[in-house]
Amino acid sequence: MTFDPKFYLSLILRRLPIIIAIIFTATMAGILYAVSMPPIYRAEARLLIESPQIPDNLAASTVVSTADEILLAIQQRIMTRENLFAIANAHNLFDGMNQKTEEQKLTQIANRLAIYMPTNQGNTGVVIVSFAAPEPELSADITNEIADQVLAWSTELRTQASGNTLDFFEQEVRRLTEELAQQNAEILKFEQENRDALPESLEYRRTRQASQQERLLQVNRELAALRDRRDRLTELYANTGQLVASGEDRTPEQVRLEAARQELASALVVMSATNPRVKALQKEVAALEEAVKSQLGASSGGKLSAFDVQMLDIDGQISYLAEQKTGLEKDLQALEASIDATPANSIRLAELQSNYETLRVQYEQAVASLSEARMGDRIEVTDRGQRITVIEKAVPPAFRSEPNRKRIAIASFGAGAILSGALLLLLEVLNQTVRRPSELVRALGAPPFGTVGYLDGAPPRYRWSANRLAMLAVFLINIPIILLVVHIYIAPIGALIGLAPTPPAAVDGAATVKTE
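Residues numbered from 1 in each chain as written. Predicted model: local features only at pLDDT ≥ 70, side-chain atom pairs only at ≥ 80, totals over all residues. Heavy atoms only, no water.

(A) View of the sheet that holds strand S3 (residues 126–133). Strand order across the open sheet formed by 4 strands is S2-S3-S1-S4, with antiparallel pairing between neighbours. Two strands close off the open sheet at either side, each with one partner strand: strand S2 (113–116) and strand S4 (387–392). Here the strands of the sheet are splayed against their neighbours by 25 degrees on average, with no regard to which way each runs. Note that S2 and S3 share 4 bridges and pair antiparallel. Note on S3: the bridge partner recorded for Tyr116 is Ile128. Sheet contacts for helix H3 (residues 67–78): strand S1 (41–50), S2, S3 and S4; angle to S2, the most-contacted strand, approximately 165 degrees. (Pairing = 2+ DSSP bridges. Helix = DSSP H or I, 4+ residues; strand = E, 2+ residues; numbered from the N terminus. Axes fitted to C-alpha atoms, helices over the stretch in contact; angles between N-to-C directions. Contact = heavy atoms within 4.5 Å.)

Here is the structure:
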């Protein structure tokens, strides 16, 4: 089947009245719908997100957020259920919505509200606030109220964020101060409990240990020498019954006694026993012997002998050295125990000091952050940081924003054209009659010798064609619609044709006169 433009153009021209009727009817229906819709006015307020007034390199605010984040946070708080109902109740926006549920009312109010940043202006921080209302003054009032809410929420959110930051760091500084004091107390307690086994005194204790060990060896040698001397003196006294004392061990009386005895022996050689010189020497020897005996304890009065004195002296020295040895051994044991405990104490002390150092670093950082938080909070409280200001308040708009009647009319015209085209296509598909030679060839399966077009006879006098019916439908349907639109939205029909309306008072007066 070949495409025949002339044939299809003839079909369009033949059914042109139907096409015009459909397009005209659809267009008039769209215009009537656009005219019947109530006008909506949308006032706009322009806000600006300003940069901080103080440079960040001098003093930075603790509230770090982009313009999109600020706008989104404010928008979510303004679009809350309670706030939207408060705005609607304050301005009686629910009048005429008695048949709708609360959710439907809330959705309708939310759809009227718009807070956005125009994309065609780039990232300049300009914010548009608008609200759609049936009256220009009402739209401007609600828009300005919402703009004031945006300013209030911006200030509250930033001051609240800076205040929360300041409270956090104040609590952090207090916490770290307490932990530092507690950690310092633990270190002090540990050092007091292990003051003899701290790593600081390890070298001193090792030096002292070496000194004490050397002293212990010396004491052991002295003890061994004293015990050996004691054993030799005991053996000598047991064998001879006397002690061989050296000149260094004899007392002066013993020396004088020895000299007196020698002198007495020499005198007896040359003198008689009755010689006064001999008697004087004998008395001196006797006196010296008594003195020596009293010193050595040789008399029967319970005094010690020279052997006992020597033994007591040696035993005293041995006892003294034994006590020194015991003390040295105990001191060495304590030193060894403290030296052995020093590595573990060193690890524990290092751990405590490391924790303290970590807390100290955190404390210094927290103090520095607290100072920055105080400065940032001061910046936000004095409104020197990033802020939102109104650069243009909303005014009652002079023109409506909705509905766009031109767009609706154009869309209705397009819808009529599409419907008429669809109708023509449907009629063409449903029509199975033979209207062209090519269709006849396809129906017969063979080429004919010739074709003769269909010749209509004389048309009936009162025959109504489809085109006439379509034009009649256009007049019967659209003319009353046009008159109704003109009467409602332009001017009353009576005023247009010159008929003046009768005042109600005049009518009542005439009726009264006639009755009387």
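Picking up where we left off.
(B) Looking closely at the packing of helix H4 (residues 81–90) against helix H5 (residues 102–112). The geometry of H4 relative to H5 is characterised by a closest axis approach of 10 Å and an angle of 80 degrees between their N-to-C directions. Between H4 and H5, the angle is such that the two are roughly perpendicular. Seen from H4, the contacting residues are Arg81, Leu84, Phe85 and Ala88; seen from H5, they are Glu102, Glu103, Leu106, Ile109 and Ala110. Taken together, the residues of the contact of H4 with H5 sort by class into 6 nonpolar, no polar and 3 charged. (Parallel < 35°, antiparallel > 145°, perpendicular 65-115°, else oblique. Nonpolar A, V, L, I, M, F, W, Y, C, P; charged D, E, K, R; others polar.)

(C) Local environment of the side chain of Asn83. As for its placement among the helices and strands, Asn83 is situated in helix H4. Of the polar contacts made by the side chain of Asn83, one reaches the side chain of Gln149; its length is 3.0 Å. Residue contacts for Asn83: discarding those within four places in its chain leaves Arg77, Ile78 and Gln149. (Polar contact = N/O pair within 3.5 Å; in protein donor to acceptor, adjacent residues only side chain to side chain.)

(D) Inspection of the environment of Asp308 at higher detail. Assignment of secondary structure puts Asp308 in helix H10 (residues 306–381). As for Asp308 and Thr234, which are separated by 74 residues in sequence, their C-alpha atoms are 9.9 Å apart.

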